Amino acid sequence: MSIFNRYIRIGVASTIALGTAFAASACGLGGDSSSASSGSGTSDTVNIGVIYPKTGQYAEYGKLFEEGFNLAIEKVNADGGVGGKKLGLKYFDTQSDPKQDAAVAPKLVADKSIIAVVGDYASPASSAASPIFQQAGLVHYGFNNSAPTFTDTGDHVWTPQIGQDAYQKANADVVATKAKKISVVYLENDWGKQAYEYFKEEAKKNGTQIVYESSYLADSTDLSPILIPARDAKPDAVVDIGYGPDGALVLNTLRDKLGYTGSFFGGQETKEFLDLAGDNADGTIITGSFSATGTKDAKAQQFVKDFKAKYGNNPGNFEVTAYQAIIDLAHAANKTEPTRDGIQKALQTVTDFPLYQGNGGTFTFNQKTRRADSIKPILLIVKDGKFVQYEA
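Residues numbered from 1 in each chain as written. Predicted model: local features only at pLDDT ≥ 70, side-chain atom pairs only at ≥ 80, totals over all residues. Heavy atoms only, no water.

**Section: the sheet that holds strand β2 (residues 86-93)**
Strands sit in the order β2-β1-β3-β4-β5 across an open sheet of five strands; the sheet is parallel. Strand pairing shows two members of the sheet lacking a second neighbour, β2 and β5 (157-158), which therefore form its edges. Here strand β1 (residues 45-52) pairs with β2 via eight bridges, running parallel. Considered in β2, the bridge of N47 is made with G88. On top of the sheet, helix α2 (residues 59-78) reaches β1, β2 and β3 (114-118); it is set at about 165° to β2, its chief contact. (Pairing = 2+ DSSP bridges. Helix = DSSP H or I, 4+ residues; strand = E, 2+ residues; numbered from the N terminus. Contact = heavy atoms within 4.5 Å. Axes fitted to C-alpha atoms, helices over the stretch in contact; angles between N-to-C directions.)

**Remarks on empty space enclosed by the protein**
Under the criterion given, the structure shown has one cavity of 30 Å³ or more. Approximately 490 Å³ is the volume attributed to the largest cavity. Lining the largest cavity are 29 residues, and of these Q164, Y167, W191, Q268 and T287 lie nearest its centre. Elements with a contribution of two residues or more to the lining of the largest cavity: α5 (164-176), β8 (237-241), β10 (285-288) and α11 (317-335). Its residues assigned to classes, the lining of the largest cavity comprises 11 nonpolar, 16 polar and two charged. (1 Å grid on protein atoms, 1.4 Å probe; cavity = no way out; pocket = protein on both sides within 12 Å on 5 of 7 lines; lining within 4 Å. Points joined across faces, edges and corners; volume = space filled by probe spheres on them. Nonpolar A, V, L, I, M, F, W, Y, C, P; charged D, E, K, R; others polar.)

**Focus on the nonpolar core**
In terms of nonpolar packing, the biggest core is built from 103 residues, with F69, Y141 and F199 touching the most fellow members. A per-element tally of this core places α11 first, with 11 residues. Among all residues touching Y141, those that are not within four sequence positions of it are V117, V118, G119, W158, P160, A325, D328, L329, L347, F363 and F365. A105, L108, V117 and I132 belong to the second largest nonpolar core, which has 12 residues in total. (Core = buried A, V, L, I, M, F, W, Y, C linked by side-chain atoms within 4.5 Å. Buried < 20%, exposed > 50% of the residue type's maximum accessible area, 1.4 Å probe, protein only.)

**Describing the environment of Q161**
In this structure, Q161 sits in the loop between β5 and α5. Not counting residues within four places of it along the chain, the set of residues in contact with Q161 comprises G142, F143, N144, N145, S146, Y167, T321 and R371.

**Examining the layout of surface pockets**
A volume near 620 Å³ is recorded for the largest pocket. In terms of lining, the largest pocket is formed by 25 residues, of which the most central are K271, L274, N313, N314 and P315. Only α2, α9 (271-277), α10 (298-311) and β14 (386-390) provide two or more residues apiece to the lining of the largest pocket. Per-element tally for the lining of the largest pocket: the top contributor is α2, with four residues. Residues of the lining of the largest pocket, tallied by class, amount to nine nonpolar, eight polar and eight charged.

**Overview of the pattern of salt bridges**
Counted according to the given criterion, the structure contains 14 salt bridges. Salt-bridge contacts for D79 lead to K75; the nearest nitrogen and oxygen are separated by 3.1 Å. Judged by its relative accessible area of 34%, K75 is partly exposed. Salt-bridge contacts for E197 lead to K200; the nearest nitrogen and oxygen are separated by 3.6 Å. (Salt bridge = Lys/Arg side-chain N within 4 Å of Asp/Glu carboxyl O.)

**Quick word on the packing of aromatic side chains**
Evaluated as defined, the whole model comprises 28 aromatic pairs. Judged by centre distance (5.0 Å) and plane angle (65°), the rings of Y61 and F318 are edge-to-face. In this pair, Y61 sits in helix α2 while F318 sits in helix α11, placing the two residues 257 residues apart along the sequence. Like Y61, the residue F318 is buried in the burial classification. Considering the side-chain rings of W158 and F365, the 5.2 Å spacing of their centres and the 75° angle between planes classify their relative orientation as edge-to-face. Remark: F365 occurs in the loop between β12 (362-363) and β13 (378-383) and W158 occurs in strand β5; sequence separation between them is 207 residues. (Phe/Tyr/Trp six-rings, centres within 6.5 Å; stacked < 30°, edge-to-face > 60°.)

**Some words on the packing of α5 against helix α6 (residues 190-206)**
Interaxial distance between α5 and α6 falls to 8 Å at its minimum, and their mutual angle equals 45°. On the basis of the axis angle, α5 is oblique to α6. Every pair of crossing elements has a handedness; the one defined by α5 and α6 is right-handed. For the pair α5 and α6, contact is made by Q164, D165, Q168, K169, N171, A172, D173, V175 and A176 and by W191, A195, Y198, F199, E202, A203 and N206, respectively. Its residues assigned to classes, the contact of α5 with α6 shows eight nonpolar, four polar and four charged. (Parallel < 35°, antiparallel > 145°, perpendicular 65-115°, else oblique. Left-handed = near helix turned anticlockwise from the far one by under 90°.)

**So, the pairing of β10**
Taking every second residue as pointing to the same face, both faces of β10 are buried, with I285 and T287 on one and I286 and G288 on the other. Two elements, β10 and β13, share four bridges in a ladder whose sense is antiparallel. Note that in β13 the partner of G288 across the bridge is I378.

**Concerning the environment of V139**
Locating V139 in the fold gives a position in the loop between α4 (123-136) and β4 (140-141). Here V139 falls in the buried class, since its relative accessible area comes to 0%. Taking the C-alpha atoms as reference, V139 lies 5.0 Å from A116; in sequence the two are 23 residues apart. Non-local contacts of V139, meaning those with residues more than four positions away in its chain, are made with A116, V117, H156, W158, I343, Q344 and L347.

**A short note on the confidence of the model for the protein chain**
Per-residue confidence for the protein chain gives a mean pLDDT of 90, with 89% of residues at or over 70. Note that residues 1-40 has pLDDT below 50 and, in this model, 72 contacts with residues that lie over four places away or in other chains. (pLDDT = per-residue confidence, 0-100.)

**A closer look at the side chain of Q344**
Within the secondary structure, Q344 is located in helix α12 (residues 340-349). For Q344, the side chain forms a polar contact with the side chain of W158, separated by 3.1 Å. If sequence neighbours within four positions are ignored, Q344 has contacts with V139, D155, H156 and W158. (Polar contact = N/O pair within 3.5 Å; in protein donor to acceptor, adjacent residues only side chain to side chain.)

Below is the structure:
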């Protein structure tokens with residue numbers, strides 16, 4: 001996609017312009033080592049670099065990631081670390097902004113204690129940093145990056161995240177069980193447009209008629225102008241392809257302002273979405289990758305138990321993918337060695353990465369796409385203010 005190519009060019013340009021001197025400087029970005037699990041950079045510690053939104057409009061996701069990351073680090077080190085060394089985290093707040101990702105990436109490259117990088121939240125932001133990590137031979141593990149083009153940068157860019165092609169096929173298929181005519185609204189960014197194209201393609205195959213469509217900006221505060229015609233098209237369901245906060249805005253506008261009472265598909269599995277949408281969220285169906293109450297996998301059940309003991313609530317999709325990212329890389333380091341080359345070698349050769357999502361078990365990477373083809377989406381529905389697994 002053109003915007004991804006533009007972000008990749010941003011990353012390459014940043015590498016050339018900033019150079020090694022900038023990489024070694026403080027640069028005024030990231031480097032947040034406030035977590036007790038952050039590495040010290042000593043010879044008995046190796047670190048995973050984290051690029052993520054601690055602040056800014058996506059800070060809710062950064063908080064969920066931190067919970068998963070920190071719990072995983074505790075487990076890894078309690079189990080003996082990696083190759084006889086302690087595993088740490090070095091956090092870098094990018095606000096999931098492409099320019100900040102490209103600017104901070106050289107700093108991670110220059111830190112030789114960092115053996116791999118995880119993040120960012122948004123695929124466009126991650127893709128701005130990927131060329132810099134690729135050029136340096138540093139694995140970029142985009143655990144949350146569902147854009148199918150994410151790994152196109154090169155052989156050091158990997159993700160176990162389910163692609164939007166798979167997510168939107170599942171989304172369109174469950175919508176087809178509830179509706180013949182639908183109105184669709186989606187985020188006006190590259191992720192939203194790409195996801196909607198996948199959704200539209202599958203909806204057409206299913207014979208689902210899209211009677212109205214419109215995009216909207218992520219910072220919109222009043223969506224009535226696009227949702228009035230969406231309602232007036234008399235759809236059987238309204239589908240929102242976006243994130244959590246905007247999904248709540250779409251839903252609340254439909255229910256509270258416009259009197260729409262039909263089916264709704266959209267939002268994300270976060271406390272923020274549930275809090276913002278309130279009672280309006282009941283019955284909402286989304287695609288996801290994990291159900292804390294529905295998983296039958298023993299290690300996933302133990303993860304849920306440990307997470308609830310530490311944080312007081314069940315984990316969701318974002319927490320489990322962050323947790324699994326650290327467990328994956330620790331597993332890789334212990335299968336080979338806790339070095340940059342060791343991580344890359346393991347991702348190319350190891351066939352039993354522990355899987356917490358979906359039905360659990362283990363997974364391996366498709367070496368051509370550097371994605372985990374065996375991880376499949378599941379469906380979630382809001383009941384009594386909570387997301388639970390849904391069977392269509």
